[in-house]
Amino acid sequence: MSVDGEVRRLGSEADEPGWEVDPEDEWGVAVITTVGRQLRLRREAVGMRAADFAVAVGYGEDLVYKVEAGKRIPRQEYLDKADEVLGAGGLIAATWEDVKRVRYPKKVRELARLEAQAVEAALYSNHNIHGLLQTEEHMRALFDAWLPSYSDEETERMVAARMARRAIFERSPAPTLSFVQEEVTLRRPVGGRMVWRRQLERFLELGQLRNVSIQVMPTDCEDHFGTGGLIEVLKFPDGTAVGRSEGAFSGRPVSEPKQLRILELRYGMIRAQALTPRESRALIEQMLGET
């Protein structure tokens, strides 16, 4: 939620490690531009041409120019190799501490930052399995089915960002996490039978954590308070909170007490209508046995 996924040495331009920089992400652009400039100055200081450097690090020359121009976000293995080739004594490798803070899209970074600070989260998802609950294979299957199609690079970046967010389950002290998931999303075999089975197993694994509650909203529920779509409410140590819902306040994040009460009321009613955690676990186990 390794968050970068499998580290691979790939040969083609499309597959080389790194992601394109979002020009609207001002902070990200500033960081990557600075790192790229330092790489270029260090390379020139040792008298190495870009073409020779590309051969030495084992990546394409075009990638070298893009990284140095601040148009490509390098991955950690690229910076480590550059540090070794240029004899930088760890100075280039150390820039990863700055790069890793901007490697994901701006909106995802903000969401991950809030999740990392939250002491309590109430999360309802009705169209897809919530991102924090998804397996990596499930994520890839969802992104692969998107239209218009994502490039391989875009998919890798989004999967890595979503995987990095799963660190919320490993935090100490552990936050209280409450999920309500529509039954239909659990029955949809996204990615095929084996991916589906692994996703159901993931639900059972997370449901065993003492700080995690997973409830299933039955499809045959007649009076359904979740028709407005996704709801998320995050609460923080200082007593403040932020929430959003697809069906309220134009989907934008809100923090005013009056607005938050509306979201909490809706979530509370949804949770009351859903199966209990014990009943939900039994249903998921039944689904798993039927796959």
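Criteria and thresholds
Within every chain, residues take consecutive numbers counted from 1 along the sequence as written. Side-chain atom pairs in this predicted model are given and counted only at pLDDT of 80 or more, local residue features only at pLDDT of at least 70, and totals for whole chains, interfaces and linings cover all residues. The side-chain numbers reported here are obtained from all heavy atoms of the structure, hydrogens and water having been left aside. Strands are runs of DSSP state E lasting at least 2 residues, helices are runs of H or I lasting at least 4, and numbering of each runs from the N terminus. Only protein chains enter the accessibility calculation, which uses a 1.4 Å probe. A residue is then buried if its area is under 20% of the maximum for its type, exposed if over 50%, and partly exposed in between. Per-residue and other accessible areas follow the Shrake-Rupley method at a 1.4 Å probe size, with only the shown protein chains counted as cover for residues. The positive count covers Lys and Arg only, the negative count covers Asp and Glu only, and His and the chain ends enter neither. Just so you know, the charge point we use is NZ for Lys, CZ for Arg, CG for Asp and CD for Glu. Take a side-chain nitrogen of Lys or Arg and a carboxyl oxygen of Asp or Glu: if they are within 4 Å of each other, that pair is a salt bridge. In this analysis an axis means a line fitted to C-alpha atoms, helices contributing only their contacting stretch, and an angle means the value between N-to-C directions, from 0 to 180 degrees. Should an angle lie under 35 degrees it is considered roughly parallel, over 145 roughly antiparallel, and from 65 to 115 roughly perpendicular; all remaining angles are considered oblique. What makes a crossing left-handed is the near helix being turned counterclockwise from the far one by less than a right angle; a clockwise turn instead makes it right-handed. By definition, residues are in contact when any of their heavy atoms lie within 4.5 Å. In these notes, a set of buried Ala, Val, Leu, Ile, Met, Phe, Trp, Tyr and Cys residues joined through side-chain atoms within 4.5 Å is what counts as a nonpolar core. Known as pLDDT, the predictor's per-residue confidence is scaled from 0 to 100. When DSSP finds two or more bridges between a pair of strands, those strands are recorded as paired. N or O atoms within 3.5 Å of each other form a polar contact, as long as, within protein, one can give a hydrogen and the other can take it, and as long as residues adjacent in sequence are counted only when both atoms are side-chain atoms. In this description, one arc is meant: the one made by directions from the helix axis to the C-beta atoms.

**Focus: the overall build of the chain**
Okay, step 1: Secondary structure summary: the chain contains 12 helices and seven strands in total.
Okay, step 2: Across its three principal directions, the C-alpha atoms of the chain cover 70 × 45 × 35 Å.
Okay, step 3: Residues counted as buried form 46% of the 291 residues belonging to the chain.
Okay, step 4: Total accessible area on the chain is roughly 15,100 Å²; 52% of this is exposed by carbon and sulfur atoms.
Okay, step 5: In the chain, the 41 positive side-chain charges and the 47 negative ones have mean positions that sit 3 Å from each other.

**Section: the pattern of salt bridges**
As a working rule, side chains carrying opposite charge can pair if their charged atoms are close by.
Okay, step 1: Following the criterion strictly, the structure yields 19 salt bridges and no others.
Okay, step 2: A salt bridge links glutamate 110 to arginine 113; the nearest nitrogen and oxygen atoms lie 2.5 Å apart. Of the two residues, glutamate 110 and arginine 113 both sit in helix H6 (residues 106-117), three residues apart, roughly one turn of that helix.
Okay, step 3: Residue glutamate 110 is classed as partly exposed on the basis of its relative accessible area, which comes to 36%.
Okay, step 4: The shortest N-O distance in the salt bridge between glutamate 205 and arginine 202 comes to 4.0 Å. Remark: arginine 202 and glutamate 205 occur in helix H10 (residues 193-207); sequence separation between them is three residues, near one turn of the helix.
Okay, step 5: Overall, glutamate 205 belongs to the partly exposed group, its relative accessible area being 35%.
Okay, step 6: Residue class for arginine 202 comes out buried when judged on its relative accessible area of 14%.

**Quick notes on the packing of H10 against helix H12 (residues 277-290)**
Okay, step 1: Contact pair H10 / H12: the axes reach a minimum separation of 10 Å and the direction vectors enclose 155 degrees. Of the possible angle classes, the one that applies to H10 and H12 is roughly antiparallel. Considering how the two elements wind past one another, H10 and H12 form a crossing that is left-handed. Residue-level inspection shows Arg193, Arg197, Leu200, Glu201, Phe203, Leu204 and Gly207 of H10 in contact with H12, the latter providing Arg281, Ile284, Glu285, Met287, Leu288 and Glu290.

**Looking at the nonpolar core**
Most often, soluble globular proteins keep nonpolar side chains buried together rather than apart.
Okay, step 1: Counting 27 residues, the largest nonpolar core has Leu133, Phe169 and Phe179 as the members making the most contacts within it.
Okay, step 2: Going through the elements one at a time, strand S3 (120-125), strand S4 (176-182), H10, strand S5 (212-217) and H12 are the ones with two or more residues in this core.
Okay, step 3: By residue number, the principal contributor to this core is H10, which donates five residues.
Okay, step 4: Here phenylalanine 169 is in contact with Leu132, Leu133, Leu177, Phe179, Arg202, Leu206, Leu209 and Val212, once residues within four sequence places are set aside.

**Observations regarding the confidence of the model for the chain**
Okay, step 1: Put simply, the chain has an average pLDDT of 88, and 93% of its residues get 70 or more.
Okay, step 2: Contacts of residues 1-17 to residues separated by more than four positions or lying in other chains number 49 contacts, the stretch itself having pLDDT below 50.

**A few points about unusual backbone geometry**
Okay, step 1: Following leucine 147, the chain continues into proline 148 via a peptide bond in cis, with omega recorded as -5 degrees.
Okay, step 2: The phi dihedral of phenylalanine 249 falls on the positive side, at around 60 degrees, and the residue is not glycine.
Okay, step 3: Residue position: phenylalanine 249 is located in the loop between strand S7 (241-245) and helix H11 (257-273).
Okay, step 4: Backbone geometry at serine 250 places phi at a positive 60 degrees, although glycine is not the residue there.
Okay, step 5: Examined against the element boundaries, serine 250 turns out to sit in the loop between S7 and H11.
Okay, step 6: By relative accessible area, serine 250 is classed as exposed at 75%.

**Considerations on the sheet that holds S7**
Okay, step 1: The strand order S5-S4-S3-S6-S7 describes an open sheet built from five strands, whose pairing is mixed. Pairing within the sheet leaves two strands with one partner each, and these edge strands are S5 and S7. Each neighbouring strand pair of the sheet contributes to a mean axis angle of 10 degrees, computed without reference to strand direction.
Okay, step 2: Two elements, S3 and strand S6 (residues 231-235), share five bridges in a ladder whose sense is antiparallel.

**Considering the side chain of serine 245**
Okay, step 1: Mapped onto the fold, serine 245 is located in strand S7.
Okay, step 2: A polar contact is formed between the side chain of serine 245 and the backbone oxygen of leucine 230, at a distance of 3.1 Å.
Okay, step 3: Here the side chain of serine 245 touches glycine 247 through a polar contact of 3.2 Å, landing on its backbone nitrogen.
Okay, step 4: Those residues within four positions of serine 245 in sequence are excluded, and the remaining contacts are Gly228, Gly229, Leu230, Ile231, Gly251, Leu263 and Arg266.

**Considering the environment of arginine 40**
Okay, step 1: Within the secondary structure, arginine 40 is located in helix H1 (residues 26-45).
Okay, step 2: Residue arginine 40 is classed as partly exposed on the basis of its relative accessible area of 30%.
Okay, step 3: Taking the C-alpha atoms as reference, arginine 40 lies 47 Å from tyrosine 124; in sequence the two are 84 residues apart.

**Here's the deal with helix H3 (residues 61-68)**
Okay, step 1: When we look at burial in H3, the residues that qualify are Leu63, Val64, Val67 and Glu68. The arc enclosing the buried residues of H3, seen along the axis, measures out at 130 degrees, which places them on a common side.
Okay, step 2: Next to the buried residues of H3 lie H1, helix H2 (50-57), strand S2 (72-73) and helix H4 (76-86).
Okay, step 3: Positive backbone phi, at 75 degrees, marks glycine 70, one or two positions downstream of H3.

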